[in-house]
Each structure stands twice: as C-alpha cells, then as structure tokens.
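Below, each chain spelled out in residue letters.
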Amino acid sequence: MDEQALLGLNPNADSDFRQRALAYFEQLKISPDAWQVCAEALAQRTYSDDHVKFFCFQVLEHQVKYKYSELTTVQQQLIRETLISWLQAQMLNPQPEKTFIRNKAAQVFALLFVTEYLTKWPKFFFDILSVVDLNPRGVDLYLRILMAIDSELVDRDVVHTSEEARRNTLIKDTMREQCIPNLVESWYQILQNYQFTNSEVTCQCLEVVGAYVSWIDLSLIANDRFINMLLGHMSIEVLREEACDCLFEVVNKGMDPVDKMKLVESLCQVLQSAGFFSIDQEEDVDFLARFSKLVNGMGQSLIVSWSKLIKNGDIKNAQEALQAIETKVALMLQLLIHEDDDISSNIIGFCYDYLHILKQLTVLSDQQKANVEAIMLAVMKKLTYDEEYNFENEGEDEAMFVEYRKQLKLLLDRLAQVSPELLLASVRRVFSSTLQNWQTTRFMEVEVAIRLLYMLAEALPVSHGAHFSGDVSKASALQDMMRTLVTSGVSSYQHTSVTLEFFETVVRYEKFFTVEPQHIPCVLMAFLDHRGLRHSSAKVRSRTAYLFSRFVKSLNKQMNPFIEDILNRIQDLLELSPPENGHQSLLSSDDQLFIYETAGVLIVNSEYPAERKQALMRNLLTPLMEKFKILLEKLMLAQDEERQASLADCLNHAVGFASRTSKAFSNKQTVKQCGCSEVYLDCLQTFLPALSCPLQKDILRSGVRTFLHRMIICLEEEVLPFIPSASEHMLKDCEAKDLQEFIPLINQITAKFKVSPFLQQMFMPLLHAIFEVLLRPAEENDQSAALEKQMLRRSYFAFLQTVTGSGMSEVIANQGAENVERVLVTVIQGAVEYPDPIAQKTCFIILSKLVELWGGKDGPVGFADFVYKHIVPACFLAPLKQTFDLADAQTVLALSECAVTLKTIHLKRGPECVQYLQQEYLPSLQVAPEIIQEFCQALQQPDAKVFKNYLKVFFQRAKP
C-alpha cells in the first residue's frame with residue numbers, strides 16, 4: 001500500500017496529505033484487486049494505526065456494496081474468510097479495537113450478510129456464534145453486527161429500492177424459520193451471564209432485543225423467563241434505562257387486543273408492586289423520562305385494544321380495557337405534572353388519546369370529570385414559563401419549551417372538545433384572579449393567564465372570529481375577560497412576554513371592539529406609546545408594528561375619529577433613516593413597511609373627502625420622494641462600494657415604502673376616488689431615473705420593478721407611457737436573473753392591457769436580450785449558472801405563452817419572416833432538446849395555440865410546412881428521449897400537452913395530417929404498419945382523453 005498516502009488518513013495531517021489519501025481511496029475503489037491488499041492487511045493485522053484499519057474496512061465495504069457480483073466464487077470466499085479471521089483475532093487482542101472500527105466492521109458484516117445469507121452463507125450466525133462464544137469482546141461485536149443487520153433490514157430512514165425491499169422481506173422470513181429461536185436463546189444467555197458483571201454488553205443486548213422484537217415472534221420474548229429478567233433489570237441502576245426501552249418495544253408490538261391487555265396488565269402489576277409507580281420517590285430524571293415513555297406506550301396500547309374491541313362489538317372485554325386505562329390515569333397525571341418537561345412531554349400521547357375516548361362516551365362518571373379537570377389544571381400549570389427562560393437570547397432550551405407548549409396546546413384543544421364549559425370556567429377563574437392582582441404577581445403567571453384567554457379563541461372555534469355573538473354565556477364570559485384585559489392596566493406590566501401576549505390577544509379578539517368600541521382609544525395609546533411601538537425591546541417594537549397594522553385594518557370602520565391623531569403620532573416612525581446619520585431608528589425597514597401600510601389604510605378608508613385624502617397621501621409620500629432624489633444624487637457620486645450599497649438599500653426602502661402604501665387600494669377605481677393617482681404618478685417619475693443609474697443595478701431595478709407591478713394594478717393604463725423607457729433601461733446589461741424577474745412584468749402588462757403597439761416594439765429587443773444571455777458561455781460545472789439559465793428559459797416560454805394566449809399572436813407574426821422562424825425554432829428546441837418537463841409542457845401549449853391560430857387554410861404562408869417539418873416530429877422526438885421520464889408527474893403533464901398539440905394539428909389539417917403520419921412520418925420511424933393504423937385510429941377518436949391515454953402507452957412500448 002502507498003504508505004505516504006496512508007499518512008493523510010490521520011485527522012491531524014496537513015491538507016496535501018489528506019488530499020492524497022482521498023485520491024488513493026478513490027483509486028483503490030476503482031482498482032479490481034486493491035481490496036485484496038486491504039483484506040490481507042486486516043487478516044494479518046499488518047497495521048496498528050486505527051485510521052488505516054478503518055480505511056481498509058471502507059475499501060472492503062465499497063467492494064461488497066457495489067462490486068460484489070463481479071468477484072469470482074474464490075474471491076467471495078476470501079472476503080468471508082478475511083472477516084471471520086479478523087473476528088477470531090479480536091478474541092485474542094490485548095486491547096479491544098476503537099468503537100468506530102468495531103462499528104465499521106459490523107457494517108461490512110451486515111452488508112455481506114444481506115448479500116449472501118439467502119444463497120452462499122445460510123450458516124452466517126452459527127459461524128459467528130461459534131467464533132465468539134461468550135467471550136465479552138466477541139459478544140460486543142456479535143451484538144453490533146446484529147444492530148447493523150437490523151438497520152439494513154428494517155430501518156425506516158434508509159431508502160430501499162423495491163428489489164431490496166423484496167430481498168429484505170425474504171431474509172426476515174428465512175431468519176424467522178431458521179435461526180431466530182437460536183438468536184433469542186443467545187441473547188438470553190448473554191443477559192444472564194453479564195447482567196451483574198458487564199453493564200455495557202448487557203445494555204447493548206437489551207437494545208438488540210428491543211430492535212428485533214418489532215419483527216420476530218413476540219412469544220419468544222414475552223414469556224416469563226425473559227420478562228422476569230427484564231423486570232429484574234429495572235431495579236439495577238446501570239441497566240434500567242435500557243430495560244425500560246426494551247419493555248416499551250415489547251409493549252408496542254402489534255398483537256391481539258385481549259392478549260395485549262393481559263400483557264400490559266401483568267407488567268403493570270409487577271412494576272407497581274416493585275414500587276415504580278411512586279414517582280415522587282424517584283430522583284433520576286433520565287430514568288423517569290424513559291419510564292414515562294413506557295407508561296405512555298402501555299396506556300396507548302390499552303387504548304388501541306379498547307378501540308379494536310369496541311369495533312369488534314366485544315363489549316365485555318372493551319369494558320375491562322377501559323377499566324385498565326382508568327387505573328393508569330393517576331400515574332399519567334403524576335408524570336404529566338412533573339416539573340421536568342421531558343418526563344411530562346413523553347406522556348402527552350396517552351393523555352391526548354384518553355381524552356379522545358372520553359369525547360366518545362355519552363356520559364362521564366364523576367371520576368372521569370375529575371380526571372378532565374385534573375388534566376386541565378396540569379396543562380395550565382405546565383404552560384407557565386420558568387425562571388430560567390431567556391427571552392432576550394432564545395437558545396435550544398427555549399426552542400424545546402416552545403415545542404412542548406405546542407403539544408400542551410393540542411391537549412387544551414382536546415379538553416375543549418370533551419368539556420368546553422369546564423375549560424371556559426377554569427380559564428375564567430385563573431384569568432380573573434390573576435388580573436385582579438397583576439401588580440404583585442410574577443410575570444410568568446400573568447403571561448399564562450393572558451395566554452390561556454388567547455388560546456381559547458382556537459380551542460372554542462367560531463366562524464370569522466364571531467366570539468361575541470351566538471352562545472350567550474360563552475360570549476359574555478369572553479367579553480368580561482376582554483374588558484378586564486383592556487381596563488386592568490396590565491398592558492403596563494414590565495415584562496416583554498406579558499406585553500406581547502397583551503397585544504397578540506387584543507388583535508386575536510378584534511371583534512370585541514365592535515361590541516365595545518369605547519375601549520379603542522386606550523388600546524391605540526398602548527400600541528403607540530412606550531408599551532408598543534416605542535418599547536425598549538426591539539423584539540416587542542417589531543411584533544407590535546405588524547399587530548398594529550392588523551388591528552387598524554380589521555377595525556378600519558371604527559378608526560375615523562382617531563386618524564389625524566394616529567398619523568401625527570407615527571410621523572417620526574415613518575422617517576427614512578439615511579445611512580449617514582448614524583442614529584439608530586426605533587423600527588427596522590421591514591417593520592416600517594407595516595407602519596406605511598397602516599398609514600395608507602387609515603387614509604384610504606377614512607370618511608374624509610377626496611381632497612383631504614389626497615393631501616394626507618401627499619404628506620405621507622412627499623418626504624420619501626424628496627429623500628429619494630437627494631440619495632440618488634449621492635449614490636451617483638459615491639466612490640466607496642460599501643457606501644454605494646447602503647445608499648442603494650436606502651433608496652430601495654423608499655420605493656418599497658411607497659409601494660406598500662398602495663396596498664390599501666384594491667384597484668384603479670379606489671385610487672381615482674381618493675384623488676391619489678397624481679401623487680403615485682409623481683412617485684413613478686421620481687423613482688424611474690434610478691433605472692439608468694449604473695451602480696447597484698440589481699437592488700435598484702428590483703425595487704422599481706415591484707413598484708411598477710403595484711402601479712399597473714393601481715393606475716392601469718396611466719402607467720403605459722412610462723413602460724417603454726423603463727423597459728429599455730431594464731434590458732441594458734442584464735443578467736439571467738434580471739430578465740427572469742422582468743418578464744413577469746411584461747406578462748402582467750400583456751395579459752391586462754393587450755397593447756400590441758407597445759409589445760410590437762418591445763418584442764424583439766426583449767428576445768435579443770434573452771438569447772444573448774442564454775448563449776453566453778458558462779463554466780461546465782457551474783450549477784447555479786445552469787439553474788439560472790433554466791429558469792430564464794422557463795420565463796421566456798411563459799412569456800410566449802402569455803402573448804399567444806392573450807390573443808396577440810399577430811405581435812409574433814409581424815416580426816418579419818426571419819424573426820418568426822427564429823422564435824418558432826426556439827420553441828421546438830424547448831419542447832425537444834432540454835430535459836425540463838416544466839418548460840416542455842409550456843412549449844407544447846404554445847405550439848398547439850399557434851396551430852389553432854395559424855394552422856388552417858388561411859394561416860401565414862409556410863406555416864403548414866413548418867407544422868409537418870418541425871411540430872409533428874417534435875411531438876415524437878421529445879417523448880422518445882431517454883431523459884423524458886414517463887414515471888415523473890411533471891413529464892406526464894408535458895406528454896398530455898403534446899397529445900393536445902397532435903389533436904389540434906389533426907383538427908386544423910384533417911385527413912391530410914393522418915395521411916402524412918400514415919404514409920411518410922411514422923414509416924420513417926420504422927413503426928410497424930399495424931401500430932401506425934392503431935395510432936391514427938386513436939388520433940381520430942372524438943374523445944381527447946382516449947388519445948392522451950393511448951399516447952402514453954404508445955411511448956412506453958416504443959422506449960427500450
């Protein structure tokens with residue numbers, strides 16, 4: 001072996017050596033006999049370096065995984081012997097191999113097992129067991145090999161081909177017949193031998209039992225001798241977590257409902273009498289988390305048994321199952337309320353399913369009602385933040401608590417289904433008592449009280465947020481709580497979590513303010529002062545900006561008396577902060593978008609006359625226009641690239657803010673009625689010069705483009721005079737991405753206005769720009785450039801689809817014969833040459849549309865020839881390509897459009913088309929005469945679906 005290259009296997013080697021080692025590995029993988037050198041090195045123990053041993057196993061692994069069938073019988077025998085002699089050597093080694101080598105060796109054994117067990121090596125396990133016997137090192141490797149085999153055969157995370165899945169099923173069946181009882185016996189012997197002397201091997205063996213239980217005969221494990229041993233392990237500290245997991249797997253195994261009930265009950269009796277149900281005596285939270293998972297498994301198993309028995313009409317046993325479930329509820333509650341969230345989280349499944357049973361019962365016993373209430377109190381308590389939660393810098397622990405809270409929310413929703421009245425009463429009790437004394441209550445209790453009110457909105461659903469009408473008792477309870485929330489002064493609580501919960505809840509129940517509008521002013525003040533948009537925490541300011549815009553939008557009818565006051569108070573929040581003033585503004589530019597949108601909504605929905613609305617809109621937008629002009633001049637003069645970028649950002653924000661104010665308008669009508677057309681036209685004239693700025697083109701163009709999209713909706717044809725020069729600038733020195741984003745703008749104009757003079761003038765310049773970018777050479781391996789070109793090609797075809805589909809095909813026809821042909825050829829290429837089914841589908845849509853428009857007797861000169869020379873062949877050449885995958889859904893859609901194209905040709909050209917296919921085209925493809933006949937008959941069927949289905953079968957047969 002290349003000793004120099006092997007030096008690079010050491011993680012501390014320098015990069016040159018590491019590169020050389022990688023290259024050497026690739027070389028050995030390709031070489032037909034290099035694996036033999038590695039096999040010999042392992043068998044003879046030539047190398048002591050761990051990384052070299054690992055490397056040798058990797059080479060062998062590659063050989064077994066990818067090239068095994070190429071080996072001779074003798075060579076295959078050599079690999080088997082190498083592994084067995086390596087295993088024998090492990091028994092005698094003074095030191096065991098490192099864990100990563102043992103795991104890799106186990107993987108190679110497992111790969112060889114799945115390859116050979118059914119054919120050449122049926123005695124695989126007997127050979128291994130005869131080598132390892134009860135030697136602890138051998139047992140360790142035997143157990144690792146079993147785990148590796150299990151993951152090869154049943155690991156759901158490994159994606160298997162259908163061939164491998166069939167093979168794996170056959171292996172498991174054969175193992176069940178031939179060797180599983182012996183393997184189970186070996187596990188029992190290992191457990192019995194090592195349970196008190198070698199905890200590591202015992203835990204490994206328990207893991208193996210847990211893994212195999214899911215697919216072997218359960219009676220081999222669920223019997224007295226095994227279960228008693230496992231229960232014994234539950235009392236040994238170093239074994240009990242693994243024993244718990246192993247019992248969980250046993251309980252989880254699918255089986256007859258009555259047998260399952262008996263198994264669970266007998267386990268529970270033993271565990272209970274051994275004192276495991278006394279949770280408060282146990283201090284080891286890691287064990288309790290596993291135990292909680294086991295109890296959850298037992299509870300859910302009993303519930304599954306109950307459901308099956310009810311379904312089968314076995315009422316007597318179902319009653320017993322329900323009784324068994326009820327006796328576990330006290331333990332479930334203890335685990336649910338445990339202060340450790342992992343322990344609590346592990347039992348939620350059982351709890352959720354138990355509530356589902358109660359929901360199905362017509363009447364609840366007093367005990368069941370008490371259980372529901374106990375679960376409710378547990379959920380309320382567990383929803384509470386703890387002291388350690390870091391609100392300013394949320395890390396992994398915080399994220400886990402947020403996830404845990406989501407699980408609790410599902411429980412709360414389920415509680416609401418079982419007993420909505422009880423939930424409402426409990427929340428009301430907690431809410432009222434907490435808010436009475438909020439000044440002296442800890443933040444987490446205040447937060448959870450408001451949070452519960454917030455959660456009721458989803459737990460007790462109504463349509464369109466109508467919580468304050470309908471059911472009188474519910475409506476008045478919610479109304480009382482909302483009134484308390486907004487009048488108690490709790491919005492001044494000095495903790496971000498309480499402040500945020502206050503605003504979230506106010507917005508969620510915005511309909512309350514249509515019932516009691518007198519509370520709107522005090523809530524608006526909370527939004528606008530130091531409690532909301534001017535809070536000391538950026539997180540609160542940011543969220544409030546969004547919530548404020550929602551609040552104003554949903555209550556716009558009630559806002560009229562406050563509009564001027566609000567606009568005055570948010571004046572400073574609307575300032576565009578230029579990069580040079582160094583002063584940190586209260587809101588980020590993303591947050592400011594919401595404030596601009598809110599200002600727009602207030603003005604547009606006000607009851608003011610049009611002149612007043614126009615004046616207010618001018619006041620809002622003029623400062624942006626003035627700043628924009630100044631900043632654009634500064635950008636033209638800026639030398640430093642960083643400064644250019646920050647100025648361009650600022651310009652882009654200005655355009656974005658102006659765009660966002662227009663969201664208050666739904667169409668041109670509303671803009672006209674408010675007298676605001678002129679101010680937006682002024683904005684357009686102010687922003688368009690940015691398109692000719694040679695610096696920071698990407699960011700400036702993107703902002704102006706978005707603004708134009710909005711203005712096409714708001715100003716309609718008044719925008720058109722600006723489009724030609726804007727387009728001209730946007731087509732200068734552009735990249736694939738610029739064009740791809742520009743085309744939707746043209747599509748929008750084309751579809752909306754159908755203005756052919758503009759499109760006539762734009763058409764070829766746009767196409768030249770597209771062709772120029774597509775023809776630019778790119779690096780062979782540049783994935784992102786290839787993807788950009790693919791996306792541009794799609795956009796180009798989508799543009800042609802819009803033009804032909806908007807009844808403006810004359811725009812193409814009027815481009816002169818040479819240009820028309822060039823365009824048509826690109827569509828044919830798109831349909832046939834590029835393996836992109838999305839683009840191919842669009843191309844066939846364009847072709848069938850053009851055939852429909854031009855394919856008749858009075859179509860453009862030469863088009864009929866083009867149909868037979870290019871379009872018909874495209875309909876066959878595309879699906880015949882190897883890359884045209886008929887198993888892929890997008891490709892099937894492309895084929896469907898291809899069928900439409902052929903049908904359209906037949907519709908427009910009639911018998912002439914059938915004659916061409918029969919006598920010229922299909923014979924040229926060497927299609928058999930009877931198939932040609934069949935094809936033409938299918939094409940002439942009046943039902944298009946018949947032909948679509950036929951075409952798929954036709955190409956499936958035609959492809960090798």
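Our structure's up above, just so we're on the same page.
Predicted, not measured: the structure shown is a model, and the values here were computed from it.

### Here we look at the overall build of the protein chain
When helices and strands are tallied, the protein chain shows 47 helices and zero strands. Each principal axis of the C-alpha distribution contributes one length, and for the protein chain these read about 90 × 90 × 65 Å. Burial status across the protein chain gives 52% buried among its 960 residues. When contacts within the protein chain are restricted to residue pairs at least 6 apart in sequence, long-range pairs at least 24 apart make up 72% of them. Counting only carbon and sulfur atoms, one obtains 51% of the accessible surface of the protein chain, whose full area is about 44100 Å². Looking at charge distribution, the protein chain has the averaged site of its 93 positive side-chain charges lying 6 Å from that of its 122 negative ones.

### Some points on helix α12 (residues 224–233)
Of the positions making up α12, those classed as buried are Phe226, Ile227, Met229, Leu230, Leu231 and His233. Those residues of α12 that are buried are in contact with α10 (180–194), α11 (199–212), α13 (240–252) and α14 (257–273).

### Focus: the pattern of salt bridges
All told, the structure shown has 50 salt bridges when counted by the stated rule. Measuring nitrogen to oxygen at the nearest pair gives 2.7 Å for the salt bridge that ties Glu516 to Arg483. Taken together, the positions of Glu516 in the loop between α26 (512–515) and α27 (520–528) and Arg483 in helix α24 (residues 472–487) put the pair 33 residues apart, joining distant regions of the chain. The exposure class assigned to Glu516 is buried, which follows from its relative accessible area of 6%. When the shortest N-O distance is used, the salt bridge between Glu934 and Arg957 registers 2.6 Å. Here Glu934 is found in helix α46 (residues 929–939), whereas its partner Arg957 is found in helix α47 (residues 944–958), with 23 residues between them in sequence. Look at Arg957 and you get partly exposed, because its relative accessible area is 46%. Connected through salt bridges with shared partners, the residues Asp50, Lys53, Glu97 and Lys98 form a single ionic network.

### Overview of the nonpolar core
Ranked by size, the top nonpolar core spans 346 residues in total, and within it Met175, Trp187, Phe291, Tyr680 and Phe876 carry the most contacts. Beyond its immediate stretch of four places on either side in the chain, Phe876 contacts Leu902, Leu917, Tyr921, Leu922, Leu925, Phe935, Phe954 and Phe955.

### Re the environment of Lys697
Of note, Lys697 is situated in helix α35 (residues 697–715). On the basis of relative accessibility, which here comes to 26%, the residue Lys697 falls in the partly exposed class. C-alpha of Lys697 to C-alpha of Asn819: the two residues are 122 residues apart in sequence and 30 Å apart in space.

### Considerations on the packing of α13 against helix α15 (residues 285–311)
Packing of α13 against α15 brings their axes to within 9 Å, and their N-to-C directions diverge by 10 degrees. By the angle between their axes, α13 is roughly parallel relative to α15. Across from Arg240, Glu241, Glu242, Cys244, Asp245, Leu247, Phe248, Val251 and Asn252 in α13, the residues of α15 making contact are Asp286, Phe287, Arg290, Phe291, Lys293, Leu294, Gly297, Met298 and Ser301. For the contact of α13 with α15, the residue count by class is eight nonpolar, three polar and seven charged.

### A few points about the packing of α10 against α11
Where α10 contacts α11, the axes come no closer than 9 Å and their chain directions differ by 150 degrees. The angle between the axes of α10 and α11 places the two elements in the roughly antiparallel class. In this structure, α10 crosses over α11, and the sense of that crossing is left-handed. Residues Trp187, Ile190, Leu191 and Tyr194 of α10 touch α11, and the partners they reach there are Ser199, Val201, Thr202, Cys205, Leu206, Val208, Val209 and Tyr212. When its residues are assigned to classes, the contact of α10 with α11 shows ten nonpolar, two polar and no charged.

### Overview of the state of the cysteines
All told, the structure shown has zero disulfides when counted by the stated rule. Not engaged in a disulfide, the cysteine Cys38 finds its nearest cysteine sulfur in Cys56; these two sulfurs lie 4.2 Å apart. Free cysteine Cys734: the closest other cysteine sulfur is in Cys693, separated by 16 Å. Using a relative accessible area of 4% as the deciding quantity, one classes Cys734 as buried.

### A short note on the packing of aromatic side chains
Taken as a whole, this structure holds 52 aromatic pairs when the rule is applied. Pairwise contacts between aromatic rings join Phe468, Phe502, Phe503, Tyr509, Phe512, Phe513, Phe527, Phe548 and Phe551 into one cluster. The ring of Phe248 has Lys293 lying over it, and the distance from NZ or CZ to the ring centre is 4.7 Å. The ring of Tyr454 has Arg508 lying over it, and the distance from NZ or CZ to the ring centre is 4.0 Å.

### Observations regarding the side chain of Arg102
Take Arg102: it is sitting in helix α6 (residues 99–116). Its relative accessible area of 13% is what places Arg102 among the buried residues. Within polar-contact distance, the side chain of Arg102 engages the side chain of Asp140 at 3.0 Å. If sequence neighbours within four positions are ignored, Arg102 has contacts with Glu97, Asp140, Leu141 and Arg144.

### Concerning helix α43 (residues 863–880)
Taking 1.5 Å per residue, 18 residues should reach 26 Å; α43 reaches 25 Å between its end C-alpha atoms and fits that length. At Ala874, α43 is bent by approximately 35 degrees, the largest bend along its length. Residues of α43 that are buried include every one of Phe863, Phe866, Val867, Tyr868, Ile871, Val872, Pro873, Ala874, Cys875, Phe876, Ala878 and Pro879, and no others. Check the buried side of α43 and you find it contacts α41 (817–832), α42 (837–854), α44 (889–909), α45 (911–924), α46 and α47.

### What to know about unusual backbone geometry
At Arg45, a position not held by glycine, the phi torsion is positive, near 55 degrees. With respect to the element layout, Arg45 can be found in the loop between α3 (34–43) and α4 (50–66).

### Focus: the environment of Leu720
Counting through the fold element by element, Leu720 comes out in the loop between α35 and α36 (723–730). It is 8.6 Å that separates the C-alpha atoms of Leu720 and Ile749, two residues lying 29 residues apart in sequence. Each residue touching Leu720, except ones within four places of it in the same chain, is listed here: Ile749, Phe753 and Val755.

### A word on the environment of Ser365
Looking at the secondary structure, you find Ser365 in the loop between α19 (348–360) and α20 (366–382). In this structure Ser365 comes out as partly exposed when scored by relative accessible area, which is 35%. The sequence separation of Ser365 and Ala786 amounts to 421 residues, and the corresponding C-alpha distance is 68 Å.

Definitions and cut-offs
Residues numbered from 1 in each chain as written. Predicted model: local features only at pLDDT ≥ 70, side-chain atom pairs only at ≥ 80, totals over all residues. Heavy atoms only, no water. Helix = DSSP H or I, 4+ residues; strand = E, 2+ residues; numbered from the N terminus. Buried < 20%, exposed > 50% of the residue type's maximum accessible area, 1.4 Å probe, protein only. Contact = heavy atoms within 4.5 Å. Areas by Shrake-Rupley, 256 points an atom, 1.4 Å probe, with all protein chains shown as cover. Lys, Arg positive; Asp, Glu negative; His and termini not counted. Charge placed at Lys NZ, Arg CZ, Asp CG, Glu CD. Salt bridge = Lys/Arg side-chain N within 4 Å of Asp/Glu carboxyl O. Core = buried A, V, L, I, M, F, W, Y, C linked by side-chain atoms within 4.5 Å. Axes fitted to C-alpha atoms, helices over the stretch in contact; angles between N-to-C directions. Parallel < 35°, antiparallel > 145°, perpendicular 65-115°, else oblique. Nonpolar A, V, L, I, M, F, W, Y, C, P; charged D, E, K, R; others polar. Left-handed = near helix turned anticlockwise from the far one by under 90°. Disulfide = S-S within 2.5 Å. Phe/Tyr/Trp six-rings, centres within 6.5 Å; stacked < 30°, edge-to-face > 60°. Lys NZ or Arg CZ within 6 Å of the ring centre and 35° of its normal. Polar contact = N/O pair within 3.5 Å; in protein donor to acceptor, adjacent residues only side chain to side chain. Expected span 1.5 Å × (residues − 1). Bend = angle between axes of the 7 residues up to and from the residue.

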